[in-house]
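Next come the chains, spelled out residue by residue.
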Amino acid sequence: MRALSKESILGLIAVGLFCVMAIIAPGFLSMGNLNNMMFQLPEFGLISLAMMIVIITGGIDLSITYTAALSGVAIAIMQSHGYSMMAAILVGIFVGLICGFVNGFVVSKIGVSPILVTLGTMVLFEGVILSITKGNSISGFSEAYELIGNGYYLGLVPLSMIIFVFFAIFTAILLGKTNWGRCVYMIGSNPVATLFSGVNNSRILLKVYLYASFLATVAGIIMTSRYNMAKVDLGSSYLLQSVAAAVLGGTEIQGGYGKVAGTIYAVIIFQVLSNGLNLLGVPRAIVNVIMGAILISVLVINFIKVKLEQKKKLQATL
């Protein structure tokens with residue numbers, strides 16, 4: 001009998017957890033609560049997918065939520081000054097890509113550790129946002145723009161959920177069906193061997209950080225539209241949660257492996273667990289403790305699993 005993949009197991013856990021919360025959490029299956037989860041999931045999911053792609057290469061992007069916030073601030077400024085929605089969105093995407101280019105250039109061309117680079121750009125982007133907003137929020141979006149994060153398609157499915165599904169499928173195709181995607185996995189597995197096989201590592205890495213920033217920008221567009229404002233801490237709570245979702249979804253923290261399906265299942269697990277515990281009256285601080293414990297447990301389990309696999313391979317060669 002064929003063993004279930006990590007992603008399939010996560011999918012079963014997500015379904016099981018949903019059923020448990022439907023039974024024990026009051027109002028979990030109410031239309032209002034389900035709508036609330038469907039509106040929250042896309043922004044968290046997009047940032048988690050962006051983080052997953054970077055982690056596959058053996059890196060990390062600590063500036064990703066501030067990239068989303070900075071692009072959102074750019075869009076808010078443009079719209080508050082009377083520019084059209086499309087012009088504002090294009091400027092926001094351009095700002096997000098600049099953030100990704102800065103990260104990707106320093107990591108890929110200069111060779112500085114991703115955690116140090118993105119820690120620095122996180123502080124940089126935060127400072128830029130604070131200097132622009134003075135710590136306040138910026139609003140003034142058009143009604144059409146607000147529909148992106150609050151509207152429905154045919155009165156049933158949130159538009160933001162459709163956007164998320166589109167980019168999830170697109171990311172899965174990029175990673176699984178293109179030469180660029182194969183190179184991303186190769187760099188995460190063995191960057192030296194990848195370089196000697198003729199792959200331009202720096203170009204691939206630069207594109208990784210550009211695409212991650214693009215996904216973060218899309219998440220920023222959804223968040224600013226949904227909340228009708230842009231501010232410095234927009235989506236900041238998703239930073240560590242996105243790392244946790246990527247790792248829980250099976251992405252190797254050392255790089256070389258990660259699947260879109262696994263990350264999506266992990267996002268659903270975190271969303272259902274957080275929502276259900278809130279409905280049960282569990283304090284937010286305790287919810288954060290539980291999330292942190294899950295992340296540590298997954299990291300420990302993955303570490304032990306890798307060590308056991310290495311031990312088996314070593315014994316097989318003797």
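The shown structure was predicted, so the numbers you read here are calculated from the model rather than taken from an experiment.

### A short note on helix 1 (residues 6-24)
Then step 1. End to end, helix 1 covers 27 Å across 19 residues, agreeing with the expected 27 Å (1.5 Å per residue, within 8%).
Then step 2. Those residues of helix 1 that sit buried are Glu7, Leu10, Gly11, Ala14, Leu17 and Met21. Angularly, the buried residues of helix 1 cover 130 degrees about the axis, an arc narrow enough to put them on a single face. In helix 1, those exposed residues whose orientation departs by more than 90 degrees from the buried face are Leu12, Val15 and Ile23.
Then step 3. In this structure, the buried residues of helix 1 make contact with helix 11 (238-248) and helix 12 (260-279).

### Some details on the environment of Ser137
Then step 1. Note that Ser137 resides in the loop between helix 5 (114-133) and helix 6 (143-150).
Then step 2. Put simply, Ser137 and Thr65 are 72 residues apart on the chain and 16 Å apart in space, counted from C-alpha to C-alpha.

### Notes on the packing of aromatic side chains
Then step 1. Going through the model one piece at a time under the given rule, you end up with 11 aromatic pairs.
Then step 2. Between Phe39 and Tyr152, the aromatic rings sit 5.4 Å apart at their centres with planes inclined by 80 degrees, giving edge-to-face as the arrangement. One end of the pair, Phe39, is in helix 2 (residues 31-56); the other, Tyr152, is in strand 1 (residues 152-153), with 113 residues separating them in the sequence.
Then step 3. Given the relative accessible area of 34%, Tyr152 is considered partly exposed.
Then step 4. An angle of 25 degrees between the planes, with centres 5.8 Å apart, marks the rings of Phe101 and Phe105 as stacked. You can see Phe101 and its partner Phe105 sitting in helix 4 (residues 85-110), four residues apart, about one turn around the helix.
Then step 5. An aromatic cluster of at least three residues, connected via ring pairs, comprises Phe166, Phe167, Phe170, Trp180, Tyr211 and Phe214.

### What to know about the side chain of Asp61
Then step 1. Structurally, Asp61 can be placed in the loop between helix 2 and helix 3 (64-80).
Then step 2. Although buried, Asp61 forms no salt bridge, and the nearest oppositely charged side chain, Lys109, lies 17 Å from it.
Then step 3. There is a polar contact of 2.7 Å between the side chain of Asp61 and the side chain of Ser63.
Then step 4. Within the structure, the side chain of Asp61 is placed 3.5 Å from the backbone nitrogen of Ile64, a separation counted as a polar contact.
Then step 5. For Asp61, the contacting residues outside a window of four places in its chain are Met51, Val54, Asn103, Thr118, Tyr209 and Leu239.

### Here we look at helix 4
Then step 1. Helix length check: helix 4 (26 residues) gives 37 Å between terminal C-alpha atoms against 38 Å at 1.5 Å per residue, within 8%.
Then step 2. Taken residue by residue, helix 4 has Ala88, Ile89, Gly92, Val95, Gly96, Cys99, Gly100, Asn103, Gly104, Val107 and Ser108 as its buried positions.
Then step 3. On the buried face of helix 4, the contacting elements are helix 3, helix 5, helix 6 and helix 10 (201-227).
Then step 4. In the stretch just after helix 4, Gly111 is the one whose phi turns positive, near 90 degrees.

### Describing the pattern of salt bridges
Then step 1. In total, this model carries two salt bridges according to the counting rule given.
Then step 2. Between Glu43 and Arg226 there is a salt bridge, with the nearest N and O atoms lying 3.2 Å from each other. Placement of the pair is Glu43 in helix 2 and Arg226 in helix 10, with a sequence separation of 183 residues.
Then step 3. Accessibility expressed as a relative area gives 17% for Arg226, which makes it buried.
Then step 4. Between Asp233 and Lys231 there is a salt bridge whose closest N-O contact spans 3.8 Å.
Then step 5. For Asp233, a relative accessible area of 37% translates into the label partly exposed.

### Remarks on the layout of surface pockets
Then step 1. Estimates place the volume of the largest pocket at around 530 Å³.
Then step 2. As for the largest pocket, its lining consists of 19 residues, of which Lys6, Gly250, Ile301, Asn302 and Lys305 are closest to the centre.
Then step 3. Secondary-structure elements contributing two or more residues to the lining of the largest pocket are helix 1, helix 11 and helix 13 (284-317).
Then step 4. In terms of residue count, helix 13 provides more of the lining of the largest pocket than any other element does, 10 residues in total.
Then step 5. In this model, the second largest pocket occupies a volume close to 320 Å³.
Then step 6. Lining the second largest pocket are 17 residues, with Gln40, Ser237, Tyr238, Gln241 and Arg284 positioned closest to its centre.
Then step 7. Counting residues per element, the ones that place at least two in the lining of the second largest pocket are helix 2, helix 10, helix 11, helix 12 and helix 13.
Then step 8. Of all the elements, helix 12 adds the most residues to the lining of the second largest pocket, at five residues.
Then step 9. Class assignment for the residues of the lining of the second largest pocket results in five nonpolar, nine polar and three charged.

Analysis parameters
Residues numbered from 1 in each chain as written. Predicted model: local features only at pLDDT ≥ 70, side-chain atom pairs only at ≥ 80, totals over all residues. Heavy atoms only, no water. Helix = DSSP H or I, 4+ residues; strand = E, 2+ residues; numbered from the N terminus. Expected span 1.5 Å × (residues − 1). Buried < 20%, exposed > 50% of the residue type's maximum accessible area, 1.4 Å probe, protein only. Arc of directions from axis to C-beta. Contact = heavy atoms within 4.5 Å. Phe/Tyr/Trp six-rings, centres within 6.5 Å; stacked < 30°, edge-to-face > 60°. Lys, Arg positive; Asp, Glu negative; His and termini not counted. Salt bridge = Lys/Arg side-chain N within 4 Å of Asp/Glu carboxyl O. Polar contact = N/O pair within 3.5 Å; in protein donor to acceptor, adjacent residues only side chain to side chain. 1 Å grid on protein atoms, 1.4 Å probe; cavity = no way out; pocket = protein on both sides within 12 Å on 5 of 7 lines; lining within 4 Å. Points joined across faces, edges and corners; volume = space filled by probe spheres on them. Nonpolar A, V, L, I, M, F, W, Y, C, P; charged D, E, K, R; others polar.

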